[in-house]
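# Fold and geometry: a report
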Amino acid sequence: MSDDPNDPQTDGGTASKPTSEEPQEYEDHPLEWDEPANNNKAPGERKSVSQTAEKFDDRKLVTGQAKYTADYEERFPDLAHAAVVRSEVPHGRVTAIDTAEAEELDGVYAVLTPWSDDVPDAKYTSAGQSYPEPSPWDMNVLNEHVRYVGDPLAAVAAEDATTAAAAVDAIEVEYEEYDHVVDPEEAFDEDAPQLFGDDEVENKIVGHDYDRNRMSNIEGEIGDVDAALEREDAHVHETEWETIRQSHAQIEKHTSLAYTDEDDRKVLITSTQVPNHTRRQLAHLFDIPIRDIRVKKPRVGGGFGGKQAMVVEPIPLALSLAADRPVMYEASRDEEFYAMRSRHPMKVRARTAVTDDGTIEAIDLYALSNTGAYGSHGMTVAGNVGSKPMPLYSKVPNARFEADIVHTNTPQTGAMRGYGAPQGTLALEGHLDEVARDLDLDPIEFRRRHYMEVGDLDEIAGMMGGEGAERRIRSCGLDECIERGKEAIGWDDLEQPSEPHRHRGIGMALSAQGTGVAGDELGAAQIMMNEDGSFHLQVGGVDIGTGADTAFIQIAAEVLGCDEDDIIVKSSDTDNTPFDYGAYASSTTYISGMAVKKAAEDAKERILEWASRMLDESAENLETRDGEVYSEETGETVTLEDVGYESVYGHDDREHILGKGTHSTEESPPPFAAQFVDVTVDEQTGEFEVNQLVVAVDCGVAINPGMAEGQVEGANHMSFEMAVSEGITVDERGRAEVSDFDEYGLPSATETPPIESILVETHEPTGPFGAKSVAEVPTNTVPPALSNAIREAVGVRINEMPVTAEKIKTALDEK
Amino acid sequence: MEIELTINDESTTVAVESDDDLATVLRRNGYTGVKCGCDSGVCGASKVFVDGDVKMACGVDAQNVDGAEVETIEALGTQDDLHPIQEAFVDHFAVQCGFCIPGMIIEAKSLLATNPDPTEAEVRQAIDDNLCRCTGYQKPVEAILDAADRMRGDRSVAADGGSRIDSHRPDDTAYDGDSNE
């Protein structure tokens, strides 16, 4: 694999490209978008889209009937259970593994080490991304060179989980221990212990410098930032921000079940967001043709990016080959914290040049990202620290972003909801608030002068290339988000507590995200008509609890003019559904949903063709509605059921009505959010109470408003956690100090303030029926808005997450 | 060894290993609505009734409940005939991934049995150890408050077989008081 930074293979086009001497060629992004007439139905004309249709799997979920991966256990009487031996040293080389005692235990079927035949020795990345992954191939399934406390180095399969655990305990490992480093600033030093030799990584990423533990360096600029910073009439402001190592904490642990089926094919039933990427990566690792692997996703108990990775799947597959029986691996909750994935902790420096009249001439962000022991999603997440929040201020003429992504001997990081935008949004929105205060400007009016609006050509998004490439803004509800948010939180009529030492303040922050990865996504769907007028919708898109399958049903029903109940959805099974990149980058409704729309339109065309013959009317005069095809000319109708029977059993010419759709696009329209946080702070103790969260989101058209609100509230809860919880802290050997939920501090129902979600609907012409994304943008905004609220309430600034009473008290004492 | 259990009103004899917890035993016998999210008895996903009290089944030593009466989520409504709490969760979009929801519904049932008209604060307190990563608790809390209304007979919008329901603006259809209680 080339490590030439100009080789597009090295970044897969997913996030950031280095700045090049050559002028960049961008797609032309005209303001006028050639939107099909049927995409822009008025709300009153939509029968399924925009309705709060029941989430199609809810009845199964509330009755306990839905099947998650672990629930397949009962279908495999000879199922073995896996357990994994993980490194106890932060850095070193495994010199010997004594498995003799484990192998002799009754009920142990297989014990694997890095040197076993059934264990692939190929390099790979766990990141579930496009191909070749814009992440370095720096891992092995079982590692001889271990780089954090938790690195997998051996695995067992046994008749039950207890025996598997006993076998793991019986395995003795000898190490040659190396020096280690856990602090990212220390790691980024030529004298620091080096995690990777140059020959230990394939698919290296732009800007890598393994002598300094740097996995990647990225940079992008528009205009001339240095010149703006040096202007005589410019005030230069600089602030620094720090974010936590946040756990996905999805309640269903990483779980994966592997077996060989009756047709000799390797099958994974697995809790994943990326079935197709997982299939490809397993084929690469195990040297099996892609066609001989089947990845099937059942109900998933939460993902949030933690399952946008092939985290555990190779282990049960290797064990099932060695033990010649089905094997299930379910990570423990302890493993979830120390050996799965987390959000990249970062330090971000923000600088602006602002002229006397309050005009921002330049924004300059720099991020130091701690990618942990391996580089999965390291470069692309860091890219989004700049390329998601900075375009919000598209009217600023000069902008620059740079990031260094460094390795430490700490747990692995990965994709997580927001994907870098939370870190960048904290820095930018906290910084701008502080600048507004310095200049005695209203923080909202200061932002409003610079933020994007419909018609803007957003060049800042283009400065990093790849994802979020230069784009035209065709929908923007920022003004309305702010106005409705202000009203809901009571911005203009805040009552102070009666006690003089307690102070109340409201802080706000804005955010933008993308919708899918511009130029690097694919969704596909097909739909087949049954003779009773119902449809089977097969879609590669992945529902991980978001309600995506229901949104697909609504989109198809809207096109086909039938009831939602007449559409049976089958999703995310690589044997039975078309290709899809997976559930990430806020792409599902936009990309996969558009594929569904196209498939339904394709089927509808055939339906109208048949109805035209049956009614002896031109297809142009026909439309579908309420399960019928009707003629606008004559009022004659024929039911979809009649068409279904006629098409397959008719006597003239027979046809199984099938529709197909596939969608990929250069567009990635931003959704927007305005966050408001109401806080009361006790200036004597620093203790604070968040009274309410209000977040207004412009998501385009909400396909299902009830589900969309749920996504907004859940995202905002995750954002709240990032602001107030410690996350996963690590000790001096890089071992996660958190082993269960009590220690992690996921905010409970009483610890979570009421969340008011407001959907500000606009119409995004490039999305299915006007939709853009909804579920990531509210993940970005609570940390800055809370920091800003505390600044408003008691005049101190907390730059380092989490916000704690101790930090506030210390800052007040120093004031 | 074997123990006798009455699970959802059916008496049965189940095999139990020495270190089995009740969640493992129930799941092994097909009651997979009991979920395990944490290994340490704190997340609430495995909640069931044991002799009328809510317990996290993963924290109950199976050998210690010989002779107990156990009620799991499977004893509440069916998909065609949901319990009012289940109806409210569906109508309010209180379910995303759904993994924690059976445990939360069990806890809600326990709450409403003793406190049929709870405040929002009381609802939040009741589900304080039912960890949820998807919802931010907002819609589950709203659903439980609405379920209380429905069960008291104040009003109802029963989930009705998959047709569209606007959960945000429930209409005033009278609730007939029938439930699976």
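## Looking at the overall build of chain A
Along its length, chain A carries 19 helices and 28 strands. In summary, chain A has a C-alpha radius of gyration of 27 Å against a globular reference of 28 Å for 815 residues, a match within 12%. Taking the principal axes of its C-alpha atoms as reference, chain A extends roughly 85 × 75 × 60 Å. Here chain A holds 815 residues, and the buried ones make up 67% of them. Taking the intrachain contacts of chain A between residues at least 6 apart in sequence as the baseline, contacts between residues at least 24 apart amount to 80%.

## Quick word on the pattern of salt bridges
Residues and elements named next belong to chain A. Under the criterion given, the structure shown has 67 salt bridges over all chains. Residue Glu221 pairs with Arg400 through a salt bridge whose shortest N-O separation is 3.9 Å. Highlighted residues: Glu221 in strand 7 (residues 214-222) and Arg400 in strand 15 (residues 398-407), separated in sequence by 179 residues. We note a salt bridge from Asp549 to Arg299, for which the minimum N-O separation is 3.1 Å. Of the two residues, Asp549 sits in helix 13 (residues 548-560) while Arg299 sits in the loop between strand 11 (293-296) and helix 7 (314-323), which places them 250 residues apart along the sequence. According to the relative accessible area criterion, Arg299 is buried, its value standing at 15%.

## Here's the deal with a negative patch on the surface
All names here are of chain A. Side chains of Asp98, Glu101, Glu103, Glu104, Glu172 and Glu174 sit close together on the surface and give a patch of like negative charge. Of the residues forming the negative patch, the biggest block, three residues, is contributed by helix 2 (residues 100-104). Tracing the chain through its elements places Asp98 in strand 2 (residues 92-98).

## Side note on the environment of Leu786 of chain A
Residue and element names in this part refer to chain A. For Leu786, the position within the fold is in helix 18 (residues 782-794). Assessed through its relative accessible area of 0%, Leu786 is described here as buried. Each C-alpha atom of the pair Leu786 and Ala461 lies 26 Å from the other, and the pair is 325 residues apart in sequence. For Leu786, the residues in contact, after removing those within four places along its chain, are Val677, Val679, Phe688, Val690, Ala723, Val724 and Val803.

## Focus: the interface of chain A and chain B
Taken together, the 69 residues of chain A in the interface contact 55 residues of chain B. Both sides together, the interface formed by chain A and chain B hides about 4,700 Å², and carbon and sulfur atoms give 53% of it. When the buried surface of chain A facing chain B is broken down by residue, Arg59, Val62 and Ile251 of chain A rank first, second and third, together holding 16% of it. Applying the counting rule to chain A against chain B returns six salt bridges. The tally of links from chain A across to chain B stands at 27 residue pairs in polar contact (both at pLDDT 80 or more). Elements that contribute at least two residues to the side of chain A that touches chain B include exactly helix 1 (58-62), helix 8 (333-338), helix 16 (705-724) and helix 17 (741-744) of chain A. The greatest single-element share of the side of chain A that touches chain B, amounting to eleven residues, is contributed by helix 16 of chain A. For the side of chain A that touches chain B, a count of residues per class yields 23 nonpolar, 24 polar and 22 charged.

## Some thoughts on the confidence of the model for chain A
The share of residues in chain A with pLDDT of 70 or more is 96%, and the mean pLDDT across the chain is 94. The model gives residues 1-26 of chain A a pLDDT under 50, and that stretch makes 60 contacts with residues more than four places away or in other chains.

## Describing the sheet that holds strand 25 (residues 658-663) of chain A
Hydrogen bonds along the backbone pair up the strands of a sheet, which may run parallel or antiparallel. All names here are of chain A. Judged by pairing direction, the sheet is mixed, and its four strands sit side by side in the order 21-20-19-25 without closing on themselves. Across the chains shown, the open sheet's two edge strands, defined by having one partner strand only, are strand 21 (567-571) and strand 25. On average, each strand axis in the sheet is inclined to that of its neighbour by 15°, with strand direction left out of account. Direction of pairing for strand 20 (residues 535-539) relative to strand 21: parallel, over a ladder of five bridges. The residue bridging Leu537 from the neighbouring strand is Val569, located in strand 21. Across the sheet, helix 14 (residues 588-615) is in contact with strand 19 (523-529), strand 20 and strand 25; its angle to strand 25 comes to roughly 150°.

## So, the sheet that holds strand 6 (residues 172-177) of chain A
Residues and elements named next belong to chain A. One open sheet holds the three strands; their spatial order is 4-2-6, and the pairing between them is antiparallel. Looking at the sheet topology across the chains shown, the edges are occupied by strand 4 (145-146) and strand 6. Across two bridges, strand 2 lies against strand 4 in antiparallel orientation. When the bridges of strand 4 are listed, Arg93 appears paired with His145.

## As for the packing of helix 3 (residues 101-114) of chain B against helix 5 (residues 138-152) of chain B
Residue and element names in this part refer to chain B. Running from N to C, helix 3 and helix 5 point in directions that differ by 40°, and their axes come no closer than 11 Å. Accordingly, the angle class assigned to the pair helix 3 and helix 5 is oblique. Crossing geometry of helix 3 relative to helix 5 is assigned as right-handed. Seen from helix 3, the contacting residues are Met104, Ala108, Leu111 and Leu112; seen from helix 5, they are Pro140, Ile144, Ala147, Ala148 and Met151. Considering only residue class, the contact of helix 3 with helix 5 consists of nine nonpolar, no polar and no charged.

## Observations concerning helix 3 of chain B
Under the 1.5 Å per step criterion, the end-to-end length of helix 3 of chain B is 20 Å for 14 residues, consistent within 8% with the ideal 20 Å. Within helix 3 of chain B, eleven of the 14 residues are buried, which leaves the element mostly enclosed by the surrounding structure.

## Looking at the pairing of strand 12 (residues 327-330) of chain A
As a general feature of sheets, a regular strand has side chains that alternate between the two faces. Relative to strand 12 of chain A, strand 1 (residues 80-86) of chain A runs parallel, the two sharing two bridges. Within strand 12 of chain A, the residue paired with His81 of chain A across the bridge is Met328 of chain A.

Criteria and thresholds
- Residues numbered from 1 in each chain as written.
- Chains lettered and ligands numbered in written order.
- Predicted model: local features only at pLDDT ≥ 70, side-chain atom pairs only at ≥ 80, totals over all residues.
- Heavy atoms only, no water.
- Helix = DSSP H or I, 4+ residues; strand = E, 2+ residues; numbered from the N terminus.
- Rg over C-alpha atoms; globule rule 2.2 N^0.38 Å.
- Buried < 20%, exposed > 50% of the residue type's maximum accessible area, 1.4 Å probe, protein only.
- Contact = heavy atoms within 4.5 Å.
- Salt bridge = Lys/Arg side-chain N within 4 Å of Asp/Glu carboxyl O.
- Patch = residues over 30% accessible without salt bridge, like charges linked within 9 Å, V, L, I, M, F, W, Y side chains within 5 Å.
- Areas by Shrake-Rupley, 256 points an atom, 1.4 Å probe, with all protein chains shown as cover.
- Lys, Arg positive; Asp, Glu negative; His and termini not counted.
- Charge placed at Lys NZ, Arg CZ, Asp CG, Glu CD.
- Buried area = accessible area lost by both parts, 1.4 Å probe.
- Polar contact = N/O pair within 3.5 Å; in protein donor to acceptor, adjacent residues only side chain to side chain.
- Nonpolar A, V, L, I, M, F, W, Y, C, P; charged D, E, K, R; others polar.
- pLDDT = per-residue confidence, 0-100.
- Pairing = 2+ DSSP bridges.
- Axes fitted to C-alpha atoms, helices over the stretch in contact; angles between N-to-C directions.
- Parallel < 35°, antiparallel > 145°, perpendicular 65-115°, else oblique.
- Left-handed = near helix turned anticlockwise from the far one by under 90°.
- Expected span 1.5 Å × (residues − 1).

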